[in-house]
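Analysis of the macromolecular model
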Amino acid sequence: NHIQGDIVMNIENIYQKLTQVNIEEQRRIWDERGKGYYGEFCVFKELFLKIQGNCKFLMNLHIPSIDKTTTELDLIMIHETGIFVFEIKHYKGTIYGSTDDSIWTQFFRTTKNSTFDSPVHQNGYHIRALKNMFPSCPMHSVIVFSNEECDIRVTNDNPFLLICSLSDLVSK
């Protein structure tokens, strides 16, 4: 599929212009940061190709936080329906947690489990910082697990929060 390959290369070029990150180089390095960039690229590509309506993308954006430092946002989509703030995790395994938990668990069948800070709390911090700058703009929190080898078992009782896999992102 020559046309499809050209589209992906073009999206990689657009991503590189937005982020100054060469995704091919990150795939070769493939360390924790490289995996993170790759996950962010996958989400960007999915949104860029499939989201309807007028929108703009900002990636790896540093903004002033509430505590007078800065915080980095993975991806923001400014859409005609509001600002969508994405926290992207390129994790494998089964993810357990709830929107109220400050720590979530990454379960593996064959290796030791690990824990990580709640991306819901992390993105909440990002949204509060943005709300401080744009208090009247509607904002939507979206947590995306971009690795298809990830099974999400997270309890979400918040209708204003989306937690999903990459394959479910556009439909949700």
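Structure shown above.
These lines cover the structure that appears in this document, whether it is placed above or below.

Rules behind the numbers
- Residues numbered from 1 in each chain as written.
- Predicted model: local features only at pLDDT ≥ 70, side-chain atom pairs only at ≥ 80, totals over all residues.
- Heavy atoms only, no water.
- Buried < 20%, exposed > 50% of the residue type's maximum accessible area, 1.4 Å probe, protein only.
- Helix = DSSP H or I, 4+ residues; strand = E, 2+ residues; numbered from the N terminus.
- Pairing = 2+ DSSP bridges.
- Axes fitted to C-alpha atoms, helices over the stretch in contact; angles between N-to-C directions.
- Contact = heavy atoms within 4.5 Å.

1. Here's the deal with the pairing of strand E2 (residues 70-79)
- With seven of ten residues buried, E2 lies mostly within the body of the structure.
- As paired strands, strand E1 (residues 55-64) and E2 are joined by nine bridges and run antiparallel to one another. Residue Leu-61 lies in a different strand from E2, and its bridge partner there is Leu-73.
- Two successive antiparallel strands, E1 and E2, enclose a turn made up of five residues, where Lys-68 displays a positive phi of approximately 75°.
- Sheet analysis places E2 next to strand E3 (residues 82-89), joined by five bridges and oriented antiparallel. Opposite His-79, over in E3, you have Gly-82 as the bridge partner.
- Counting the residues in the hairpin turn of E2 and E3 gives two residues.

2. Quick word on the sheet that holds E2
- The sheet built from five strands is open, its strands ordered E1-E2-E3-E7-E9 with mixed pairing. The open sheet has two edge strands, E1 and strand E9 (161-165), and neither has a second partner. Going from strand to strand, the sheet's axes swing by 30° on average, the running direction of each strand aside.
- In the packing of helix H3 (residues 32-50) onto the sheet, the strands contacted are E1, E2, E3 and strand E7 (139-145), and the crossing angle to E1 comes to about 145°.
- The sheet contacts of helix H4 (residues 119-133) involve E1, E2, E3, E7 and E9, and relative to E3 the element is tilted by about 150°.

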